[in-house]
Amino acid sequence: MTTKKKKTDASVDVSKAFEELEHIATWFESDKTDIDEGMAKFERATELAKSLKEKLTEAQNRIQEIRGTIIDE
Amino acid sequence: MTPQFFTVSDFVSYINDTLKAIWDGDAVAIEGEVSGFRVSQGQWVNFDIKDDGGLISAFMVLPKLRVPLEDGMKVRIYGTPRIYPKYGKFSFTVDRLELVGEGAIKKALAQLRAKLDTEGLFDPSRKRTLPRFPKRIALVASRESAAYGDIIRIINERWAGLEIELFHVVVQGDRAPASIIKALKQIQKREQENGAGYYDALVLTRGGGSFDELMAFNDEQLVRELYASKVPTMVAIGHERDTTLAEEVADVRGSTPTDCARRLVPDKEDVLYELSMLEQAIGDRMQGIIDEYTQVIHTIFTNVDKWLVTVLHRSQELAVATSTYAQHWIIHLLQRVDGYERFLKSVDPTAVMARGYAIIELAKDEIITSAKQLKAGQHINIRLRDGTVHATIDGEQATLL
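Predicted model only: the values in this text are computed from it and were never measured.

In terms of nonpolar packing, the biggest core is built from 44 residues, with V140, V203, A246 and L264 of chain B touching the most fellow members. Residues V34, A58, V67 and V75 of chain B belong to the second largest nonpolar core, which totals 14 residues.

Moving on: the sheet that holds strand β10 (residues 252-254) of chain B. All names here are of chain B. Taking strand neighbours across the sheet as the criterion, the five strands line up as β7-β6-β8-β9-β10 in an open arrangement whose pairing is parallel. Of all strands in the sheet, those bounded by a partner on one side alone are β7 (163-168) and β10. Averaged over all adjacent pairs, the angle separating strand axes in this sheet is 20°, with direction ignored. Relative to β10, strand β9 (residues 233-237) runs parallel, the two sharing three bridges. Looking at β10, one finds that A236 is bridged to G254. Packing of helix α7 (residues 257-264) onto the sheet brings it into contact with β6 (136-141), β8 (201-206), β9 and β10, and relative to β9 it is tilted by some 155°.

The next thing to look at is the interface of chain A and chain B. Listed per partner, the contact involves 24 residues of chain A and 22 residues of chain B. Contributing elements (two or more residues each) for the side of chain A that touches chain B: α2 (14-29) and α3 (35-72) of chain A. The element that contributes the greatest number of residues to the side of chain A that touches chain B is α3 of chain A, accounting for 17 residues. Broken down by class, the residue content of the side of chain A that touches chain B amounts to 16 nonpolar, four polar and four charged.

Residues and elements named next belong to chain A. In the predicted model, chain A carries a mean pLDDT of 79, and the fraction of residues at 70 or more is 84%. Of all helices and strands in chain A, the one with the weakest mean pLDDT is helix α1 (residues 7-11) (54), whereas α2 scores best (88). With pLDDT under 50 throughout, residues 1-8 is counted as low confidence; its partners more than four residues away or in other chains account for four contacts.

The next thing to look at is α7 of chain B. Residues and elements named next belong to chain B. Regarding α7, the residues found buried are P257, C260, A261 and L264. Down the axis of α7, the smallest arc covering the buried residues is 100°, so these residues share one side. Structurally, α7 contributes buried residues whose contacts are with β6, α3 (146-158), β8, β9 and β10.

Reading the values: the criteria
- Residues numbered from 1 in each chain as written.
- Chains lettered and ligands numbered in written order.
- Predicted model: local features only at pLDDT ≥ 70, side-chain atom pairs only at ≥ 80, totals over all residues.
- Core = buried A, V, L, I, M, F, W, Y, C linked by C-beta atoms within 7 Å.
- Buried ≥ 20, exposed ≤ 12 C-beta atoms within 10 Å, placed from the backbone.
- Pairing = 2+ DSSP bridges.
- Helix = DSSP H or I, 4+ residues; strand = E, 2+ residues; numbered from the N terminus.
- Axes fitted to C-alpha atoms, helices over the stretch in contact; angles between N-to-C directions.
- Contact = placed C-beta atoms within 7 Å.
- Nonpolar A, V, L, I, M, F, W, Y, C, P; charged D, E, K, R; others polar.
- pLDDT = per-residue confidence, 0-100.
- Arc of directions from axis to C-beta.

Here it is in structure tokens:
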């Protein structure tokens, strides 16, 4: 059985992703009107947020798992 | 008849030869009182010997004088009567002198004791101790004496294996001092030849006897030989009254030959008992040491256990705390992501278009926000939720809606 690993899980760099999101948020708060660029940035930001959420949730689960082993001992 | 005559020298020789022939100097003595005693040049002794009816001059060499002498003492002298040729003086050449009467002898002995004491021969501080377990001793005794038999028997009863070298001596009479002195000298020679410590002790012993019989042990030269001995000395003479000078000068004095043996070697029964006590003491001490170390080891293990529990506990606490912090941190990060998501929703242009609104662009990056911006004939792009259509303005409207 092969497991299809999501690309985002392994490749996302959390700190860089946050930095990029911050950058995009600033773009949207400016007076820029380029709809195509805005759309592209919006899509990118949505994708980043999704990846981050997955990565962080996974981390949260791992922490929970490890914590379980510590407390059981 | 021609009268016979002698020259003076021949006459003196004749008389002297005659005297020598008729007088047995070893067997016969002259007894009398000493007067005019003097020593000249540290080597010649002159005195007169007299009684109520007569007087003779006596001469002797100092080394032959073995007792302290003074005027008034009664003595017996052995030797040769002769006329001294040069001066025609009659005198008695003394080979041997002995004191007569217990009073004189004791007086002389007291003088000798005082002299030797002044010289330090009896000083207690120079007394040596005998080794507790001697290996070899030099025994000076008469092999015919009961004392010799007793000492050998008792030594063997108490402690077998002691090597005893007997130096047989005469222990009584005129020849005794010389005989004992010879043995003492032999012992010193053997000690020197074989290296110091060859003998552990020199033992001089004899059974008890009368004052006269023990006089050999008061001989000055004998006492000095004992004093000079390189080997520690023990003198044991069986008697109850006066102590002899030999006993006083000895390092150790034994009262009787039996006592001498007792002082010389330990009793094997005592030694065995001592050993068993020592063994017990060593065993107890060893057990004590083992118990002590067992306790130390036990304490170490207990402490290590405690320490491990503490460390484990601490690491558990830290791990739990760290995981709690990690959880909070992840939650915080997720909240940040949620924040961005909410923001994105607020700026999502498609959300507005889904509700039926459209974006009108004159050209790229030029969004129309006012009707006044448009004129008839202008080409525009109308961006809708699912696509963009191109249109042309065909008229102008003066008012909104």
